[in-house]
Amino acid sequence: MRQKECIAMLLAGGQGSRLGCLTRNIAKPAVSFGGKYRIIDFSLSNCAHSNIDTVGVLTQYKPFILNSYIGMGSAWDLDNLFGGVQILPPYVGENQGSWYKGTANAIYQNIDFIHFYDPDYVLIISGDHIYKMDYYAMLNFHKEHNSEVTISTIEVSFEEASRFGIMTADTKGLIVKFAEKPAEPESNLASMGVYIFNWSVLKKALIEDEADSDSEKDFGKNIIPRLLKQGSKLYSYAFQGYWRDVGTIESYYNANMEILHGGELFNLFEQKQRIFSNEEILAPQYVGPKAKIKKSLIGNGCTVLGQVSNSILAAGVYVGEDTIIEDSILLPNSKVHDHVCVRKTILGENAVILGHSLIGEKTNVKPLQEGITVIEDHHVVSRGSRIEEGRNVAKES
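Residues numbered from 1 in each chain as written. Predicted model: local features only at pLDDT ≥ 70, side-chain atom pairs only at ≥ 80, totals over all residues. Heavy atoms only, no water.

Undergrad: Pulling in residues and values, what's your account of the overall build of the protein?
TA: Counting its secondary structure elements, the protein contains eight helices and 31 strands. Here the protein has a C-alpha radius of gyration of 22 Å; the compact-globule value for 397 residues is 21 Å, and the two agree. Dimensions along the principal axes, computed over C-alpha positions, put the protein at roughly 65 × 50 × 45 Å. When burial is assessed residue by residue, the protein has 55% of its 397 residues classed as buried. Sequence separation of 24 or more characterises 61% of the internal contacts of the protein that already satisfy a separation of 6 or more. (Helix = DSSP H or I, 4+ residues; strand = E, 2+ residues; numbered from the N terminus. Rg over C-alpha atoms; globule rule 2.2 N^0.38 Å. Buried < 20%, exposed > 50% of the residue type's maximum accessible area, 1.4 Å probe, protein only. Contact = heavy atoms within 4.5 Å.)

Right under this line is the structure:
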């Protein structure tokens, strides 16, 4: 067995319930993003660019599509013989076995996996954030400061701060206070959910936390506060760049729309530190003679016969004749038939809207979720339907 300097543990088991019907059938990290990608592509690509070649992906909720998509990890150059990407679902051992009870318990249940590689450091990341990051630079910071735990942080508005783990650090980055989702935050320095631990420190902390019957088995609520109380050296690593938690319909929609601004906020398409994908190889797009496309992203295999503006069409989408798509996100292999108007809508994978329908119809009532209409994967919207803005439309069970 050869020792690894650093391995990554990627948490990808959450249900993502705040994304509503978008995650009814698949795990949040497997949700389509930006026309070509799935959310997990960002964390896996960051690992590839950071020379971290061993990644354990911890899955739990609706894992089939995610597992199938990751495969052997070759799309992200993570298919090496010693290490690579490995799927780690919950399992039953000789004495115990259960679903992951929290982020810390998920890592605890896979202590043997980490021990096999005997790393000096363990990087813990999530599979549901949109960002580009050099983890190797963060590791260098961790080593230079002789840190035991390093937390990547970003400044947020004080209005948003109560949604995050918030910390206070001195001028050198040493963390002196930490509070998980405080009602009245003292700082706006937010945890990104990206941690680097010395393996010896992490192992001891996980074992102590598992033995604590009152613990919620969570890094933000339990592990970090306990280590800070014990006097461990925790440092804040200030991240400079674009980062979005796409855990709600509004944040998911807005992050998709931001990539249409030509790289002003986040350049998804630059070759430097590019994002890799395991997208199916499809034929080029077909744009019909009467089609009109404005400020939109059109994926491979799409057929566009109508009008599309300020929208994202993922791979294999069909837009019929005399159909208007505005300010919308159409996920893979969805279809919109002729004479349809779709406004500010997220259309799920393989969903179908039949002809002469109006989706995202404005009303005099203040809409929910910023007026974003969401239609679940595989749902068929009947011919001539009228669906008000801000509604969540799910197929019958």
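Undergrad: Just give me the short version of the environment of Leu11, but keep the residues and values in it.
TA: Positionally, Leu11 belongs in strand S1 (residues 6–11). Look past the residues within four positions of Leu11 in its chain and what remains in contact with it is Leu58, Thr103, Ala106, Ile107, Ile124, Ile125, Ser126 and Gly127.

Undergrad: Kindly report on the sheet that holds strand S17 (residues 303–304), identifying the contributing residues and their values.
TA: Spatial ordering of the open sheet is given by S14-S17-S20-S23-S26-S29, a layout of six strands whose pairing is parallel. The strands lining the two open edges of the sheet, one partner per strand, are strand S14 (286–287) and strand S29 (380–381). Bridge count for strand S26 (residues 352–353) against S29 is two bridges, and the pairing is parallel. Across the sheet, residue Val352 finds its bridge partner in S29, namely Val380. (Pairing = 2+ DSSP bridges.)

Undergrad: Give a description of helix H5 (residues 135–144) that names residues and reports values.
TA: Buried within H5 are the following residues: Tyr135, Met138, Leu139, Phe141 and His142. Relative to the axis of H5, the buried residues are bounded by an arc of 155° and lie together on one face. Positive backbone phi, at 50°, marks Asn146, one or two positions downstream of H5. (Arc of directions from axis to C-beta.)

Undergrad: Account for the sheet that holds strand S15 (residues 292–294), with residues named and values stated.
TA: Within the open sheet, the six strands sit side by side as S15-S18-S21-S24-S27-S30. Their pairing is parallel. For this open sheet the edge positions go to S15 and strand S30 (386–388), each flanked by a neighbour on one side alone. Sheet twist, expressed as the mean angle between neighbouring strand axes with direction ignored, is 10°. Here strand S18 (residues 307–309) runs beside strand S21 (residues 324–326); their pairing, made up of three bridges, is parallel. Bridge pairing links Val308 to Ile325 in S21. (Axes fitted to C-alpha atoms, helices over the stretch in contact; angles between N-to-C directions.)

Undergrad: Before we move on, could you go through unusual backbone geometry and cite the residues and values that matter?
TA: Non-glycine residue Lys217 carries a positive phi angle of around 60°. Along the polypeptide, Lys217 turns up in the loop between helix H6 (199–211) and helix H7 (219–229). You will see that Gln369, though not glycine, has its phi angle at about 40°, which is positive. Summarising the element assignment, Gln369 is placed in the loop between strand S27 (358–361) and strand S28 (373–375).

Undergrad: How would you summarise the pairing of S27 if you had to cite specific residues and measurements?
TA: Of the strand pairs in this sheet, strand S24 (residues 341–343) and S27 are connected by two bridges, and their pairing is parallel. Bridge assignment links Val342 to a residue of S27, and that residue is Ile359. Relative to S30, S27 runs parallel, the two being bridged by three bridges. Bridge pairing in S30 places Ile359 opposite Ile387.

Undergrad: Please provide a residue-by-residue account of the pattern of salt bridges, values included.
TA: Counting across every chain of the model gives 16 salt bridges. Asp209 is the partner of Arg226 in a salt bridge, and the nearest nitrogen-oxygen pair spans 3.2 Å. Within this pair, whereas Arg226 is found in helix H7, its partner Asp209 is found in helix H6, the two being separated by 17 residues in sequence. Asp209 shares its class with Arg226; the two are buried. A salt bridge links Glu216 to Lys221, with the nearest nitrogen and oxygen atoms 3.2 Å apart. One network of salt bridges, in which partners are shared, links Asp209, Asp212 and Arg226. (Salt bridge = Lys/Arg side-chain N within 4 Å of Asp/Glu carboxyl O.)

Undergrad: Outline the nonpolar core, supporting the account with residue identities and numerical values.
TA: Ranked by internal contacts, the top residues of the largest apolar core, which has 69 residues, are Tyr252 and Ile346. Looking at this core element by element, the count peaks at five residues for helix H8 (residues 249–258). If near-sequence neighbours (up to four positions away) are discounted, Ile346 is found in contact with Leu22, Ile249, Tyr252, Tyr253, Ile329, Leu331, Ile372, Thr373, Val374 and Ile375. (Core = buried A, V, L, I, M, F, W, Y, C linked by side-chain atoms within 4.5 Å.)

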